[in-house]
Amino acid sequence: MGKIILTGDRPTGRLHVGHYVGSLRRRVELQNSGEYEKIFIMIADAQALTDNFENPEKVRQNIIEVALDYLSVGLDPAKSNLFIQSQIPELTELTFYYMNLVTLSRLERNPTVKTEIKLRNFETSIPVGFLCYPISQAADITAFKATTVPVGEDQLPMLEQTKEIVRKFNSIYDEVLVEPEVLLPDNAACLRLPGTDGKAKMSKSLGNCIYLADDPGEVQKKIMSMYTDPLHLRIEDPGHLEGNAVFTYLDAFCKPEHFERYLPEYAGLDELKAHYQRGGLGDVKIKKFLNKIIQEELEPIRARRKEYEKDIAAVYDILKAGTEAARETATQTMDEVKKAMKIDYFNDKSLLEGQEQKYHG
Ligand code: ATP
Ligand code: MG
């Protein structure tokens, strides 16, 4: 069997440049590499509801926003299957059976979930559905027999959980499920892009994002007010790179040709960094450089979005067709799972025969 990709995003807001460098950019490359037999890209609305259950309107509105972001970065519905999680009941069904294979203490140990619980101030009133979302992610991945899951670093614990479920299922029932491998960005700065406020992660929930759909003015405003080095007060002060979000963004976005084009007095990023550390290089100059680079990267994305925005009905149709096709695959896996778990009663001739034997000899 060929290689299969499954990945997705929560429709809790529009997608941002953290998504772009952490996952979206790679997805488009993988899509266009021709190395994958199937590519499934999921809008994870059921998962979004686990911590937004009181706000279904937000999730509903963001389905189309995320779909537009997908199309605008270059995901191509002819090559990638774009679908909506909640419209595939088999995913919920699988989640229910996988719950038997996971302990509560295992879920409570998940470091990403722990951080997210703190962030959302759930304290002791954690919704059961939220705690279980790593199980539902295992269902999403295995339903499509995904071999490859391109995601950001925060998803590593989810992939570990999925592998454990796969091994347990296959050893107890039958070798039906496929153990996926994670594909992280190879550039360290892209693993977890910090927020414009310097916080560890750019995240819709933290409001520290540069969105793919932001207009040029908004992007510039956000970059010019970005967090840098609080000790770098005057231009001549030596600057620090650690925790300096502007330099992390340069690590994530900057290519040698950007220097040729916008900052030819430096040979490259190493030289710029060295100057900053020595002192004598102001934040404004670096931010202006970063702004040019990000604007250049976002320009074609904005242009493609404008095109798709003209025909929202067509975007709907793409999601509908993608969801129908994805459901077919999930249904096939569900049939195999039920057979392995011996709960396929109406297709299980040997059950009927055995019972007849028992009662009628
Ligand atoms: P939420 O705050 O609702 O959880 P989010 O911004 O964390 O939203 P998700 O939809 O949870 O976004 O994440 C989708 C994908 O994008 C995942 O693969 C995740 O690893 C990746 N990702 C999200 N934020 C970043 C980031 N700042 N840097 C790199 N990758 C990221
Ligand atoms: Mg998240």
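Note: the structure precedes this text.
Below: a short report on this structure. (Residues numbered from 1 in each chain as written. Chains lettered and ligands numbered in written order. Predicted model: local features only at pLDDT ≥ 70, side-chain atom pairs only at ≥ 80, totals over all residues. Heavy atoms only, no water.)

1. Details of the site of ligand 1
Then step 1. As a structural note, the neighbourhood of ligand 1 is formed by 22 residues, with Thr12, His19, Asp154, Lys201 and Ser205 the closest of them.
Then step 2. Within the backbone of Arg10, a nitrogen or oxygen atom sits 2.9 Å from an oxygen atom of ligand 1.
Then step 3. In this structure, an oxygen atom belonging to ligand 1 sits 2.8 Å away from a side-chain N or O atom of Ser203.
Then step 4. In the complex, 97% of the free accessible area of ligand 1, which totals 600 Å², lies under the protein chains.
Then step 5. Elements with a contribution of two residues or more to the shell around ligand 1: strand 1 (3–9), helix 1 (17–33) and helix 10 (188–191).
Then step 6. Per element, the largest residue contribution to the shell around ligand 1 is three residues, and it comes from helix 1.
Then step 7. Across the shell around ligand 1, the residue classes tally to five nonpolar, 10 polar and seven charged. (Near = heavy atom within 4 Å. Polar contact = N/O pair within 3.5 Å; in protein donor to acceptor, adjacent residues only side chain to side chain. Areas by Shrake-Rupley, 256 points an atom, 1.4 Å probe, with all protein chains shown as cover. Helix = DSSP H or I, 4+ residues; strand = E, 2+ residues; numbered from the N terminus. Nonpolar A, V, L, I, M, F, W, Y, C, P; charged D, E, K, R; others polar.)

2. A few points about the pattern of salt bridges
Then step 1. Applying the stated criterion to the full structure yields 25 salt bridges.
Then step 2. Measuring nitrogen to oxygen at the nearest pair gives 3.0 Å for the salt bridge that ties Glu93 to Lys338. Note that Glu93 is positioned in helix 4 (residues 89–98) and Lys338 in helix 16 (residues 312–340), a separation of 245 residues in sequence.
Then step 3. We classify Glu93 as partly exposed; its relative accessible area is 25%. (Salt bridge = Lys/Arg side-chain N within 4 Å of Asp/Glu carboxyl O. Buried < 20%, exposed > 50% of the residue type's maximum accessible area, 1.4 Å probe, protein only.)

3. Quick notes on the side chain of Asp51
Then step 1. In this fold, Asp51 is placed in the loop between helix 2 (45–49) and helix 3 (56–73).
Then step 2. A relative accessible area of 11% places Asp51 in the buried class.
Then step 3. A polar side-chain atom of Asp51 sits 3.0 Å from a polar atom in the side chain of Arg10.
Then step 4. Setting aside anything within four residues of it in sequence, one finds Asp51 in contact with Arg10, Arg120, Phe122 and Phe130. (Contact = heavy atoms within 4.5 Å.)

4. Some thoughts on a nonpolar patch on the surface
Then step 1. Residues Tyr345, Phe346 and Leu351 make up a contiguous nonpolar surface patch of about 400 Å² in total accessible area.
Then step 2. Residue placement: Tyr345 occurs in the loop between helix 16 and helix 17 (349–360).
Then step 3. Judged by relative accessible area, which is 47%, Tyr345 ranks as partly exposed. (Patch = residues over 30% accessible without salt bridge, like charges linked within 9 Å, V, L, I, M, F, W, Y side chains within 5 Å.)

5. Observations regarding the packing of aromatic side chains
Then step 1. Throughout the structure, instances matching the rule amount to 10 aromatic pairs.
Then step 2. Here the aromatic residues Phe40, Phe83 and Phe144 are joined through ring pairs into a cluster of three or more.
Then step 3. Its end group placed over the ring of Phe253, Arg25 keeps NZ or CZ at 5.8 Å from the ring centre. (Phe/Tyr/Trp six-rings, centres within 6.5 Å; stacked < 30°, edge-to-face > 60°. Lys NZ or Arg CZ within 6 Å of the ring centre and 35° of its normal.)

6. Focus on the state of the cysteines
Then step 1. By the definition in use, this model includes zero disulfides.
Then step 2. Cys190 provides the cysteine sulfur closest to Cys254, a residue in no disulfide bond, and the two sulfurs are 12 Å apart. (Disulfide = S-S within 2.5 Å.)

7. Some thoughts on the packing of helix 12 (residues 245–253) against helix 14 (residues 269–278)
Then step 1. For the pair helix 12 and helix 14, interaxial distance at closest approach is 11 Å and the crossing angle is 170 degrees. Regarding the angle of helix 12 to helix 14, the classification is roughly antiparallel. Across the interface between the two elements, Phe247, Leu250 and Asp251 from helix 12 touch Leu269, Leu272, Lys273 and Tyr276 from helix 14.
Then step 2. Classifying every residue of the contact of helix 12 with helix 14 gives five nonpolar, no polar and two charged. (Axes fitted to C-alpha atoms, helices over the stretch in contact; angles between N-to-C directions. Parallel < 35°, antiparallel > 145°, perpendicular 65-115°, else oblique.)

8. As for the nonpolar core
Then step 1. Core analysis: the largest hydrophobic core is formed by 61 residues, its most contacted members being Tyr70, Leu212, Tyr249, Leu250 and Leu272.
Then step 2. Take this core: its biggest share by element is eight residues, from helix 3.
Then step 3. Ignoring sequence-local partners within four residues, the contact set of Leu272 consists of Phe247, Leu250, Phe259, Leu263, Tyr266, Leu281, Ile286 and Phe289.
Then step 4. Listed in part, the 42 residues of the second largest apolar core include Ile4, Val149, Phe169 and Val176. (Core = buried A, V, L, I, M, F, W, Y, C linked by side-chain atoms within 4.5 Å.)

9. Considerations on unusual backbone geometry
Then step 1. The phi dihedral of Glu123 falls on the positive side, at around 50 degrees, and the residue is not glycine.
Then step 2. Considering the arrangement of structural elements, one finds Glu123 in the loop between helix 6 (111–119) and helix 7 (128–131).
Then step 3. Here the phi dihedral of Lys145 falls at roughly 50 degrees; this positive angle occurs in a residue that is not glycine.
Then step 4. Structurally, Lys145 is set in the loop between helix 8 (133–143) and strand 4 (148–150).

10. Thoughts on the pairing of strand 1
As a general feature of sheets, a regular strand has side chains that alternate between the two faces.
Then step 1. The buried count for strand 1 comes to five of seven residues, which makes it a mostly enclosed element.
Then step 2. Relative to strand 2 (residues 36–43), strand 1 is paired through seven bridges, and the arrangement is parallel. Within the sheet, the bridge partner assigned to Gly8 lies in strand 2 and is Met42. (Pairing = 2+ DSSP bridges.)

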